[in-house]
Amino acid sequence: MSKLKIALQKAGRLSEKSLVLLEECGIKFPNGGGKLITESPNFPIDILFLRDDDIPQYVEQGVADVGIIGENVFLESRKDIGIAEKLGFSACRLSLAVPKEVHYTGLDFFNHKRVATSYPNILSDYFQRHKITATIEVISGSVEISPSIGLAEGICDLVSSGSTLFSNGLKEVEKVLSSQAVLVSSRNLAADKQAILAKLLFRIRAVNNAKENKYILLNAPNSALPRIEDILPGMNSPTILPLAKEGWSSLHSVIGEDKFWDIIDELKAAGAEGILVVPIEKMIL
Ligand code: PRT
Ligand code: ZN
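*Asks:* Could you clarify how one ought to interpret the domain arrangement of the protein chain in this entry?
*Replies:* Where the parts come together, the accessible area they lose is often given as the size of the interface. Along its sequence, the protein chain is carved into domain 1 (4-91 + 180-189), domain 2 (92-178) and domain 3 (213-279). The C-alpha-based centres of domain 1 and domain 3 are spaced at 40 Å.

Encoded structure:
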(Lines give C-alpha, C1' and ligand atoms only; values in the text may rest on other atoms or scores of the structure.)
(Ligands and ions follow the chains in the order given, each with its own letter.)
Protein backbone atom coordinates (compact mmCIF):
# COMPACT_ATOMS: atom_id res chain seq x y z
CA MET A 1 0.00 0.00 0.00
CA SER A 2 1.29 3.45 -0.78
CA LYS A 3 2.26 5.92 1.89
CA LEU A 4 2.47 9.69 2.20
CA LYS A 5 5.92 11.13 2.89
CA ILE A 6 5.82 14.18 5.13
CA ALA A 7 8.91 16.36 5.66
CA LEU A 8 9.28 18.05 9.04
CA GLN A 9 11.97 20.38 10.34
CA LYS A 10 14.68 18.27 11.97
CA ALA A 11 15.64 20.66 14.77
CA GLY A 12 14.21 24.12 15.21
CA ARG A 13 11.21 26.15 16.14
CA LEU A 14 8.74 24.10 14.08
CA SER A 15 9.95 20.61 15.04
CA GLU A 16 8.21 20.06 18.34
CA LYS A 17 4.91 21.67 17.31
CA SER A 18 4.80 19.69 14.06
CA LEU A 19 5.24 16.41 15.94
CA VAL A 20 2.63 17.43 18.53
CA LEU A 21 0.16 18.16 15.71
CA LEU A 22 0.66 14.67 14.26
CA GLU A 23 0.21 13.17 17.72
CA GLU A 24 -3.01 15.12 18.21
CA CYS A 25 -4.13 13.64 14.89
CA GLY A 26 -3.69 10.20 16.42
CA ILE A 27 -0.63 9.44 14.30
CA LYS A 28 1.96 7.46 16.23
CA PHE A 29 5.63 7.23 15.41
CA PRO A 30 8.62 5.74 17.18
CA ASN A 31 10.84 8.11 19.14
CA GLY A 32 13.08 9.49 16.36
CA GLY A 33 16.43 8.58 17.93
CA GLY A 34 18.16 10.87 15.44
CA LYS A 35 16.91 8.93 12.42
CA LEU A 36 16.31 10.83 9.19
CA ILE A 37 13.22 8.87 8.33
CA THR A 38 10.68 7.08 10.47
CA GLU A 39 7.41 5.32 9.70
CA SER A 40 4.15 5.44 11.58
CA PRO A 41 2.81 2.09 12.77
CA ASN A 42 -0.84 3.23 12.65
CA PHE A 43 -1.15 5.65 9.69
CA PRO A 44 0.20 5.31 6.13
CA ILE A 45 2.80 8.01 6.55
CA ASP A 46 6.62 8.24 6.63
CA ILE A 47 8.27 11.21 8.33
CA LEU A 48 11.45 12.72 6.90
CA PHE A 49 13.44 15.07 9.13
CA LEU A 50 15.13 17.85 7.14
CA ARG A 51 16.34 21.45 7.35
CA ASP A 52 13.32 23.67 6.79
CA ASP A 53 14.95 25.52 3.87
CA ASP A 54 15.35 22.26 1.94
CA ILE A 55 11.73 21.18 2.32
CA PRO A 56 10.18 23.23 -0.57
CA GLN A 57 12.63 21.76 -3.05
CA TYR A 58 12.14 18.20 -1.82
CA VAL A 59 8.38 18.60 -2.08
CA GLU A 60 8.61 20.10 -5.56
CA GLN A 61 10.81 17.22 -6.69
CA GLY A 62 8.57 14.60 -5.07
CA VAL A 63 11.20 13.35 -2.59
CA ALA A 64 8.58 14.28 0.01
CA ASP A 65 4.85 14.61 -0.78
CA VAL A 66 3.99 17.22 1.84
CA GLY A 67 5.88 19.23 4.44
CA ILE A 68 5.48 21.63 7.34
CA ILE A 69 7.34 24.95 7.01
CA GLY A 70 6.82 28.64 7.74
CA GLU A 71 4.94 30.59 5.09
CA ASN A 72 8.07 32.78 4.92
CA VAL A 73 10.16 29.81 3.73
CA PHE A 74 7.42 28.75 1.29
CA LEU A 75 7.24 32.20 -0.33
CA GLU A 76 10.99 32.78 -0.35
CA SER A 77 11.61 29.44 -2.07
CA ARG A 78 9.44 30.32 -5.12
CA LYS A 79 8.98 26.59 -5.69
CA ASP A 80 5.98 25.26 -7.56
CA ILE A 81 4.19 23.74 -4.56
CA GLY A 82 0.89 24.61 -2.90
CA ILE A 83 -0.39 25.41 0.59
CA ALA A 84 -2.81 22.66 1.63
CA GLU A 85 -3.58 24.14 5.06
CA LYS A 86 -2.53 26.95 7.35
CA LEU A 87 -1.71 25.41 10.69
CA GLY A 88 -2.01 28.33 13.11
CA PHE A 89 1.23 27.86 15.06
CA SER A 90 4.67 29.53 15.02
CA ALA A 91 3.17 32.84 14.00
CA CYS A 92 5.63 35.62 13.28
CA ARG A 93 6.09 38.50 10.89
CA LEU A 94 8.77 39.50 8.43
CA SER A 95 9.49 43.15 9.10
CA LEU A 96 11.75 46.00 8.11
CA ALA A 97 13.67 47.55 10.97
CA VAL A 98 16.06 50.48 11.32
CA PRO A 99 18.32 51.80 14.11
CA LYS A 100 16.10 53.26 16.80
CA GLU A 101 17.62 56.75 16.51
CA VAL A 102 16.57 57.05 12.84
CA HIS A 103 13.79 59.58 12.28
CA TYR A 104 11.64 57.29 10.13
CA THR A 105 8.92 58.97 8.10
CA GLY A 106 7.97 56.25 5.61
CA LEU A 107 9.11 53.60 3.14
CA ASP A 108 10.99 56.27 1.15
CA PHE A 109 13.65 56.00 3.81
CA PHE A 110 14.83 52.79 2.12
CA ASN A 111 15.39 54.42 -1.29
CA HIS A 112 19.08 54.05 -2.22
CA LYS A 113 19.85 52.37 1.11
CA ARG A 114 21.25 48.91 1.86
CA VAL A 115 18.99 46.41 3.59
CA ALA A 116 20.32 43.13 5.01
CA THR A 117 18.09 40.07 4.94
CA SER A 118 17.87 36.31 4.49
CA TYR A 119 14.67 36.85 2.48
CA PRO A 120 15.84 38.54 -0.75
CA ASN A 121 13.00 37.25 -2.93
CA ILE A 122 10.18 38.35 -0.65
CA LEU A 123 11.89 41.67 0.03
CA SER A 124 12.63 42.51 -3.61
CA ASP A 125 8.99 41.76 -4.54
CA TYR A 126 7.90 44.04 -1.70
CA PHE A 127 10.21 46.89 -2.72
CA GLN A 128 9.15 46.51 -6.34
CA ARG A 129 5.47 46.69 -5.37
CA HIS A 130 6.17 49.86 -3.40
CA LYS A 131 8.51 51.36 -6.04
CA ILE A 132 11.52 51.49 -3.72
CA THR A 133 15.03 51.14 -5.14
CA ALA A 134 17.30 49.65 -2.51
CA THR A 135 20.30 47.34 -2.43
CA ILE A 136 19.55 44.00 -0.81
CA GLU A 137 22.47 42.49 1.09
CA VAL A 138 21.83 38.76 1.43
CA ILE A 139 23.12 37.19 4.61
CA SER A 140 22.15 33.89 6.15
CA GLY A 141 22.17 34.63 9.87
CA SER A 142 22.52 37.27 12.60
CA VAL A 143 20.89 39.80 10.32
CA GLU A 144 20.17 42.06 13.29
CA ILE A 145 23.81 43.05 13.74
CA SER A 146 24.22 44.36 10.16
CA PRO A 147 23.48 48.05 10.88
CA SER A 148 25.89 48.18 13.84
CA ILE A 149 28.77 46.74 11.80
CA GLY A 150 28.09 49.12 8.90
CA LEU A 151 26.83 46.52 6.43
CA ALA A 152 23.40 48.06 5.94
CA GLU A 153 21.15 50.94 6.98
CA GLY A 154 18.22 48.65 7.71
CA ILE A 155 17.27 44.99 7.99
CA CYS A 156 14.36 42.75 7.05
CA ASP A 157 13.97 39.82 9.42
CA LEU A 158 11.49 37.64 11.28
CA VAL A 159 10.08 39.12 14.45
CA SER A 160 7.89 37.56 17.10
CA SER A 161 8.25 39.25 20.51
CA GLY A 162 10.44 42.06 19.18
CA SER A 163 13.08 41.56 21.88
CA THR A 164 15.87 40.68 19.42
CA LEU A 165 15.33 43.97 17.58
CA PHE A 166 15.16 45.88 20.84
CA SER A 167 18.35 44.41 22.26
CA ASN A 168 20.17 45.28 19.03
CA GLY A 169 19.08 48.92 19.12
CA LEU A 170 16.62 48.51 16.23
CA LYS A 171 12.95 49.40 15.79
CA GLU A 172 10.37 47.73 13.58
CA VAL A 173 9.01 50.15 10.97
CA GLU A 174 7.09 48.11 8.34
CA LYS A 175 5.50 44.67 8.24
CA VAL A 176 6.34 42.95 4.97
CA LEU A 177 4.55 39.64 5.63
CA SER A 178 2.55 37.79 8.30
CA SER A 179 3.61 34.20 8.59
CA GLN A 180 2.58 30.98 10.32
CA ALA A 181 3.34 27.30 9.88
CA VAL A 182 1.70 25.79 6.79
CA LEU A 183 1.32 22.32 5.32
CA VAL A 184 2.71 22.49 1.80
CA SER A 185 1.95 19.88 -0.78
CA SER A 186 3.29 18.66 -4.11
CA ARG A 187 1.20 19.65 -7.12
CA ASN A 188 1.28 16.16 -8.63
CA LEU A 189 0.20 13.69 -6.00
CA ALA A 190 -1.04 10.32 -7.21
CA ALA A 191 -4.68 9.57 -6.37
CA ASP A 192 -3.82 7.14 -3.55
CA LYS A 193 -1.54 9.74 -1.91
CA GLN A 194 -4.21 12.40 -2.33
CA ALA A 195 -6.60 10.15 -0.46
CA ILE A 196 -4.14 9.84 2.45
CA LEU A 197 -3.60 13.61 2.43
CA ALA A 198 -7.37 14.15 2.57
CA LYS A 199 -7.53 11.89 5.62
CA LEU A 200 -4.67 13.80 7.26
CA LEU A 201 -6.30 17.17 6.49
CA PHE A 202 -9.60 15.97 7.93
CA ARG A 203 -7.83 15.18 11.20
CA ILE A 204 -5.80 18.41 11.25
CA ARG A 205 -8.96 20.46 10.76
CA ALA A 206 -10.76 18.57 13.54
CA VAL A 207 -7.85 19.28 15.90
CA ASN A 208 -7.57 22.95 14.94
CA ASN A 209 -11.32 23.62 15.00
CA ALA A 210 -11.38 22.18 18.49
CA LYS A 211 -8.62 24.55 19.59
CA GLU A 212 -10.56 27.54 18.29
CA ASN A 213 -13.74 26.61 20.13
CA LYS A 214 -15.03 25.92 23.64
CA TYR A 215 -17.96 23.92 24.87
CA ILE A 216 -20.23 25.99 27.10
CA LEU A 217 -22.85 24.76 29.57
CA LEU A 218 -25.11 27.06 31.57
CA ASN A 219 -28.35 27.14 33.52
CA ALA A 220 -31.06 29.73 32.94
CA PRO A 221 -34.73 30.41 33.63
CA ASN A 222 -36.83 29.35 30.63
CA SER A 223 -37.95 32.96 30.12
CA ALA A 224 -34.33 33.95 29.41
CA LEU A 225 -33.69 31.20 26.83
CA PRO A 226 -34.70 33.08 23.65
CA ARG A 227 -32.36 35.95 24.53
CA ILE A 228 -29.51 33.55 25.41
CA GLU A 229 -29.97 31.59 22.17
CA ASP A 230 -29.52 34.86 20.28
CA ILE A 231 -26.26 35.57 22.09
CA LEU A 232 -24.78 32.11 21.45
CA PRO A 233 -23.67 31.63 17.84
CA GLY A 234 -23.28 27.86 18.18
CA MET A 235 -22.48 25.25 15.53
CA ASN A 236 -26.18 24.52 15.30
CA SER A 237 -29.00 25.40 17.59
CA PRO A 238 -28.00 24.80 21.21
CA THR A 239 -29.05 21.72 23.17
CA ILE A 240 -31.62 22.57 25.85
CA LEU A 241 -32.42 20.15 28.68
CA PRO A 242 -34.95 20.71 31.48
CA LEU A 243 -33.54 20.96 35.01
CA ALA A 244 -35.17 19.42 38.08
CA LYS A 245 -35.72 22.99 39.28
CA GLU A 246 -39.14 24.05 37.92
CA GLY A 247 -39.00 26.59 35.06
CA TRP A 248 -35.23 26.24 34.52
CA SER A 249 -33.17 24.62 31.79
CA SER A 250 -29.58 23.70 31.08
CA LEU A 251 -28.21 24.88 27.75
CA HIS A 252 -25.15 23.46 25.92
CA SER A 253 -23.42 25.04 22.95
CA VAL A 254 -20.09 25.76 21.25
CA ILE A 255 -18.51 29.21 21.17
CA GLY A 256 -15.42 30.65 19.52
CA GLU A 257 -12.42 31.08 21.80
CA ASP A 258 -11.97 34.66 20.56
CA LYS A 259 -15.55 35.70 21.41
CA PHE A 260 -15.56 34.05 24.78
CA TRP A 261 -15.14 36.99 27.21
CA ASP A 262 -17.55 39.29 25.34
CA ILE A 263 -20.21 36.64 25.29
CA ILE A 264 -19.85 35.71 28.96
CA ASP A 265 -20.80 39.23 30.09
CA GLU A 266 -23.83 39.26 27.82
CA LEU A 267 -24.92 35.83 29.05
CA LYS A 268 -24.74 36.88 32.69
CA ALA A 269 -26.71 40.02 31.94
CA ALA A 270 -29.37 37.88 30.21
CA GLY A 271 -29.81 35.71 33.33
CA ALA A 272 -27.43 32.76 32.81
CA GLU A 273 -26.01 31.08 35.92
CA GLY A 274 -23.55 28.29 36.67
CA ILE A 275 -21.66 28.88 33.44
CA LEU A 276 -19.08 26.17 32.65
CA VAL A 277 -16.65 26.46 29.75
CA VAL A 278 -14.68 23.37 28.81
CA PRO A 279 -12.07 22.62 26.14
CA ILE A 280 -13.00 20.48 23.17
CA GLU A 281 -10.60 17.75 22.14
CA LYS A 282 -11.73 17.16 18.54
CA MET A 283 -14.42 18.90 16.53
CA ILE A 284 -15.81 17.44 13.28
CA LEU A 285 -17.85 19.93 11.27
O1 PRT B 1 18.04 24.65 10.89
P2 PRT B 1 16.87 25.08 10.06
O3 PRT B 1 17.28 25.75 8.77
O4 PRT B 1 15.90 23.95 9.86
O5 PRT B 1 16.07 26.17 10.95
P6 PRT B 1 16.11 27.77 10.92
O7 PRT B 1 17.14 28.22 11.89
O8 PRT B 1 16.16 28.28 9.53
O9 PRT B 1 14.65 28.12 11.42
P10 PRT B 1 14.05 28.34 12.89
O11 PRT B 1 13.95 27.02 13.59
O12 PRT B 1 14.72 29.45 13.60
O13 PRT B 1 12.60 28.86 12.47
C14 PRT B 1 11.73 28.06 11.75
C15 PRT B 1 10.48 28.87 11.42
O16 PRT B 1 9.87 29.33 12.64
C17 PRT B 1 10.70 30.15 10.65
O18 PRT B 1 10.88 29.93 9.27
C19 PRT B 1 9.43 30.93 10.96
O20 PRT B 1 8.39 30.54 10.08
C21 PRT B 1 9.05 30.47 12.37
N22 PRT B 1 9.33 31.50 13.41
C23 PRT B 1 8.42 31.99 14.28
C24 PRT B 1 10.50 32.14 13.65
C25 PRT B 1 10.28 33.04 14.69
N26 PRT B 1 8.98 32.92 15.08
C27 PRT B 1 11.37 33.85 15.18
N28 PRT B 1 11.16 34.65 16.10
N29 PRT B 1 11.73 32.02 13.10
C30 PRT B 1 12.75 32.77 13.55
N31 PRT B 1 12.63 33.69 14.57
C32 PRT B 1 13.88 34.40 14.97
C33 PRT B 1 14.17 35.65 14.12
O34 PRT B 1 14.87 35.28 12.96
C35 PRT B 1 14.98 36.52 15.06
O36 PRT B 1 16.33 36.11 15.08
O37 PRT B 1 13.80 34.88 16.30
C38 PRT B 1 14.38 36.17 16.40
C39 PRT B 1 13.30 37.18 16.71
O40 PRT B 1 12.48 36.77 17.74
P41 PRT B 1 11.94 37.83 18.81
O42 PRT B 1 10.99 37.07 19.68
O43 PRT B 1 13.13 38.34 19.58
O44 PRT B 1 11.23 38.93 18.04
ZN1 ZN C 1 16.28 27.27 7.95
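Read on, since the account is not over.
*Asks:* Is there a simple way to explain the sheet that holds strand β11 (residues 181-185) in this structure?
*Replies:* Strand pairing in a sheet relies on backbone hydrogen bonds. The paired strands run either parallel or antiparallel. Judged by pairing direction, the sheet is mixed, and its 6 strands sit side by side in the order β2-β3-β1-β4-β11-β5 without closing on themselves. Since the sheet does not close on itself, it has two edges, and those belong to β2 (37-39) and β5 (82-86), each with one partner. Looking at each pair of strands side by side, their axes are set apart by 30° on average, direction ignored. One ladder, built from 6 bridges, connects strand β1 (residues 4-9) with strand β3 (residues 45-50); its direction is parallel. Residue pairing for β3: Gln9 is matched across the bridge by Leu50. Of the strands in this sheet, β1, β3 and β4 (66-70) touch helix α1 (residues 15-24), which is tilted by about 145° from β1.

*Asks:* Just checking my understanding: could you explain the pattern of salt bridges for this structure?
*Replies:* One side chain can pair with another of opposite charge once the charged atoms of both are near each other. One pass over the full model with this rule turns up 12 salt bridges. Close ionic contact of Asp65 with Lys193 constitutes a salt bridge, the shortest N to O distance being 3.0 Å. With a gap of 128 residues between them, Asp65 in the loop between α2 (55-61) and β4 and Lys193 in helix α6 (residues 191-212) connect regions that are remote in the sequence. The pair formed by Asp65 and Lys193 is uniform in burial state, with each residue classed as buried.

*Asks:* For this particular structure, what's the right way to read the coordination of the zinc ion (ligand 2)?
*Replies:* Any two of four tetrahedral donors ideally make an angle of 109.5 degrees at the metal, while pairs among six octahedral donors ideally make 90 or 180 degrees. Protein coordination of the zinc ion (ligand 2) is provided by Asp52 (OD) and Asp53 (OD), with donor distances spanning 2.0 to 2.1 Å. Here the zinc ion (ligand 2) is ringed by 4 donor atoms whose angles at the metal span 75 to 170°, and the overall shape comes out irregular. Overall, the relative accessible area of 15% leaves Asp52 in the buried class.

*Asks:* What is the right way to read the site of ligand 1 from this model?
*Replies:* Around ligand 1, the structure places 21 residues, and the nearest of them are Asp53, Asn72, Ser161, Gly162 and Thr164. Between ligand 1 and Gln9, the relevant distance is 2.8 Å, taken from an oxygen atom to a side-chain nitrogen or oxygen of the residue. When ligand 1 sits alone it has 830 Å² of accessible area, and the protein chains cover 78% of it. Its atoms largely coinciding with the cavity grid, ligand 1 occupies the largest pocket. Residue assignment for the shell around ligand 1 shows that the elements contributing at least two residues are α3 (71-77), β9 (154-159) and α5 (163-167). Element by element, the count of residues in the shell around ligand 1 is highest for β9, at 3 residues.

*Asks:* What is the right way to read the sheet that holds strand β7 (residues 114-117) from this model?
*Replies:* Reading across from one edge, β8-β7-β9-β6-β10 is the order of the 5 strands in this open sheet, with mixed pairing throughout. Unpaired on one side and paired on the other, β8 (135-138) and β10 (170-179) mark the two borders of the sheet. Averaged over all neighbouring strand pairs, the angle between strand axes comes to 30°, with direction disregarded. Relative to β9, strand β6 (residues 92-99) is paired through 5 bridges, and the arrangement is antiparallel. Each bridged residue has a counterpart across the sheet, and for Leu96 the counterpart in β9 is Cys156.

*Asks:* Got a minute to help me understand the pairing of β7 in this structure?
*Replies:* Consecutive side chains of a regular strand alternate in pointing toward one face of the sheet and then the other. Inspection of the sheet shows β7 paired to β8 by 4 bridges, in the parallel sense. Bridge pairing in β8 places Arg114 opposite Thr135. Considered for its hand, the β-α-β crossover made up of β7, helix α4 (residues 120-129) and β8 is right-handed. As judged from the 3 bridges shared by β7 and β9, these two strands associate in the parallel manner. The residue bridging Ala116 from the neighbouring strand is Ile155, located in β9.

Criteria and thresholds
Residues numbered from 1 in each chain as written. Chains lettered and ligands numbered in written order. Predicted model: local features only at pLDDT ≥ 70, side-chain atom pairs only at ≥ 80, totals over all residues. Heavy atoms only, no water. Domains from an automatic or database assignment. Pairing = 2+ DSSP bridges. Helix = DSSP H or I, 4+ residues; strand = E, 2+ residues; numbered from the N terminus. Axes fitted to C-alpha atoms, helices over the stretch in contact; angles between N-to-C directions. Contact = heavy atoms within 4.5 Å. Salt bridge = Lys/Arg side-chain N within 4 Å of Asp/Glu carboxyl O. Buried < 20%, exposed > 50% of the residue type's maximum accessible area, 1.4 Å probe, protein only. Donors = N, O, S within 2.8 Å, 3.2 Å for Na, K, Ca; no water. Tetrahedral: all angles 85-135°; square planar, octahedral: opposite > 155°, others 65-115°. Near = heavy atom within 4 Å. Polar contact = N/O pair within 3.5 Å; in protein donor to acceptor, adjacent residues only side chain to side chain. Areas by Shrake-Rupley, 256 points an atom, 1.4 Å probe, with all protein chains shown as cover. 1 Å grid on protein atoms, 1.4 Å probe; cavity = no way out; pocket = protein on both sides within 12 Å on 5 of 7 lines; lining within 4 Å. Sits in = over half its atoms within 2 Å of the grid points. Right-handed = clockwise from strand over helix to strand, strands pointing away.

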